[in-house]
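Residue-level listing of the chains:
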Amino acid sequence: MMPDLKDAAFLLIAGFTIVSAAGVAFSRKVLYSAFSLLGTLAGAAGFFILLSSDFIAVTQVLIYVGGILILIIFAVMLTNKIGDVKLTNQVVNYKVAVPISVALAIFLISTLTSGVWVEKDAPGASPYTSMVAPIGNALLKEYLLPFEVVSIVLLGALVGAMVIVRREVK
Amino acid sequence: MITLNSCLAVTAILFALGLYNVMTRKNAVGLLMGVELILNAASINFVAFSHFNGNHVGGNVFSLFLIVLAASEAAVALAIVVSIYKQFGTINADEADSLKG
């Protein structure tokens, strides 16, 4: 029974993602938050696979898990005494933040799920088709200008990061 | 079971957790992790909408751009964090206040 398997995978990935996101939000130590973020990002990659966009899933694993998470862990290790809870991850504004977040979650879920979305099935008889070729075509046809602009943005951001953290040479 | 609505509910919870993280943390790296949660929720939403709209490629491409922008944002923000730590000896967002009048 394929549909049941897919539902089970969805529930498993959703639960895993939400639990590890809660770990990011509520953990007392910032290093534990960083490792919980690993679970959340991997869960998001699982979502992308379930939603049949394989290329985005691979990109998510490569860039987020391989790049951004390593960068965050490096920043944590460079800037803090890791074991010290008081120094690393203080929680402030607790009484304001909880009601706002809960109210926002309830509002978003009720609004989004009460709407009637028009759903179209994927074209073609095959249940799965790879998205790599359509994405490549789209990037080099109608999204060519944003693609080039984003490459310049990335270059500027990385050079700027180097300039910000380098040691001053007098 | 795996419908557009269930995906949207999961990402709404993810977004609210990220917002809670942004509102409660003092640590600048912790703040950045909350922003990453919010960006991931948005990215999953884009892919979900494009999947349930006949596997349209636009949402996938937008999610790709979002990942690239998140990477550059993380690089610059963490560089600023390290630089602030060298200057002030702390990365609590409320203590780097030398611009305060």
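Given the structure is predicted, the values throughout are model-derived calculations rather than measurements.

(A) Looking closely at the overall build of chain A. Tallying secondary structure elements over chain A gives seven helices and zero strands in all. Listed N to C, the secondary structure of chain A is α-α-α-α-α-α-α in terms of helices and strands. Burial analysis of chain A (170 residues in total) assigns 32% to the buried set. Within chain A, contacts between residues separated by at least 24 positions form 61% of all contacts whose residues are at least 6 apart in sequence.

(B) Representation of helix α5 (residues 94-114) of chain A in the model. For α5 of chain A, built from 21 residues, the straight-helix expectation of 30 Å at 1.5 Å per residue is met to within 8% by its first-to-last C-alpha distance of 30 Å. Along α5 of chain A, the residues classified as buried are Ala97, Ser101 and Ala105 of chain A. Taken end-on, α5 of chain A shows its buried residues confined to a sector of 60°, consistent with a single buried face. Exposed residues lying more than 90 degrees from the buried face of α5 of chain A are Lys95, Val96, Ile106, Phe107 and Ser114 of chain A. Buried residues in α5 of chain A make contact with α1 (4-24) of chain B.

(C) Examining the nonpolar core more closely. By size, the foremost hydrophobic cluster in this structure holds 61 residues, and its most contacted members are Leu37 and Ile72 of chain A together with Val29 and Met33 of chain B. Of all the secondary structure elements, the ones that give two or more residues to this core are α1 (2-26), α2 (30-50), α3 (54-79) and α6 (132-140) of chain A together with α1, α2 (28-51) and α3 (57-88) of chain B. The residues contacting Leu37 of chain A, other than those within four sequence positions of it, are Val24, Leu69 and Ile72 of chain A together with Met33 and Leu37 of chain B.

(D) Up close: the interface of chain A and chain B. With 84 residues of chain A in contact, the opposing surface of chain B contributes 68 residues. Per-residue buried area on chain A facing chain B is highest for Phe10, Leu51 and Thr79 of chain A; these three make up 10% of the total on that side. At the junction of chain A and chain B, the tally comes to zero salt bridges. Sorting the residues of the side of chain A that touches chain B by element identifies α1, α2, α3, α4 (85-88), α5, α6 and α7 (144-165) of chain A as the ones contributing at least two each. Sorting elements by how many residues they give to the side of chain A that touches chain B places α3 of chain A first, with 13 residues. A class-by-class count of the residues in the side of chain A that touches chain B yields 60 nonpolar, 18 polar and six charged.

(E) Structural view of the packing of α7 of chain A against α3 of chain B. As a packed pair, α7 of chain A and α3 of chain B sit with axes 9 Å apart at the nearest point and diverge in direction by 10°. If you check the angle between α7 of chain A and α3 of chain B, you find them roughly parallel. Residues Pro146, Phe147, Val150, Val153, Leu154, Ala157, Leu158, Ala161, Ile164 and Val165 of chain A of α7 of chain A form the contact with α3 of chain B, whose own contacting residues are Phe65, Val68, Leu69, Ser72, Ala75, Val76, Ala79, Ile80, Val82, Ser83 and Lys86 of chain B. When grouped by side-chain class, the residues that make up the contact of α7 of chain A with α3 of chain B number 18 nonpolar, two polar and one charged.

(F) Just the pattern of salt bridges, in detail. Residue and element names in this part refer to chain B. Per the stated rule, a full pass over the model turns up one salt bridge over all chains. One salt bridge connects Lys26 with Asp94, and the closest N-O pair in it is separated by 3.4 Å. You can see Lys26 sitting in the loop between α1 and α2 and its partner Asp94 sitting in the segment after α3, a full 68 residues away along the chain.

(G) Geometry of the packing of aromatic side chains. By the definition in use, this model includes three aromatic pairs over all chains. Both rings, one in Phe10 of chain A and one in Phe47 of chain A, keep their centres 5.7 Å apart while their planes meet at 75°; by these two values the pair is edge-to-face. Residue Phe10 of chain A is found in helix α1, and its partner Phe47 of chain A is found in helix α2; the two are separated by 37 residues along the sequence. Assessed through its relative accessible area of 2%, Phe10 of chain A is described here as buried. Judged by centre distance (4.6 Å) and plane angle (35°), the ring pair of Phe46 of chain B and Phe62 of chain B falls under tilted. Remark: Phe62 of chain B occurs in helix α3 and Phe46 of chain B occurs in helix α2; sequence separation between them is 16 residues. Overall, the relative accessible area of 30% leaves Phe46 of chain B in the partly exposed class.

(H) Seen up close, the confidence of the model for chain B. With 98% of its residues at a pLDDT of 70 or more, chain B shows a mean pLDDT of 88. α1 of chain B holds the highest mean pLDDT among the elements of chain B, 92, whereas α3 of chain B holds the lowest, 90.

(I) Local environment of a nonpolar patch on the surface. On the surface, a cluster of nonpolar side chains totalling about 440 Å² of accessible area is made up of Val91, Tyr94, Val98, Val102 and Ile106 of chain A. Structurally, Val102 of chain A is set in helix α5.

Scoring rules and cut-offs
Residues numbered from 1 in each chain as written. Chains lettered and ligands numbered in written order. Predicted model: local features only at pLDDT ≥ 70, side-chain atom pairs only at ≥ 80, totals over all residues. Heavy atoms only, no water. Helix = DSSP H or I, 4+ residues; strand = E, 2+ residues; numbered from the N terminus. Buried < 20%, exposed > 50% of the residue type's maximum accessible area, 1.4 Å probe, protein only. Contact = heavy atoms within 4.5 Å. Expected span 1.5 Å × (residues − 1). Arc of directions from axis to C-beta. Core = buried A, V, L, I, M, F, W, Y, C linked by side-chain atoms within 4.5 Å. Buried area = accessible area lost by both parts, 1.4 Å probe. Salt bridge = Lys/Arg side-chain N within 4 Å of Asp/Glu carboxyl O. Nonpolar A, V, L, I, M, F, W, Y, C, P; charged D, E, K, R; others polar. Axes fitted to C-alpha atoms, helices over the stretch in contact; angles between N-to-C directions. Parallel < 35°, antiparallel > 145°, perpendicular 65-115°, else oblique. Phe/Tyr/Trp six-rings, centres within 6.5 Å; stacked < 30°, edge-to-face > 60°. pLDDT = per-residue confidence, 0-100. Patch = residues over 30% accessible without salt bridge, like charges linked within 9 Å, V, L, I, M, F, W, Y side chains within 5 Å. Areas by Shrake-Rupley, 256 points an atom, 1.4 Å probe, with all protein chains shown as cover.

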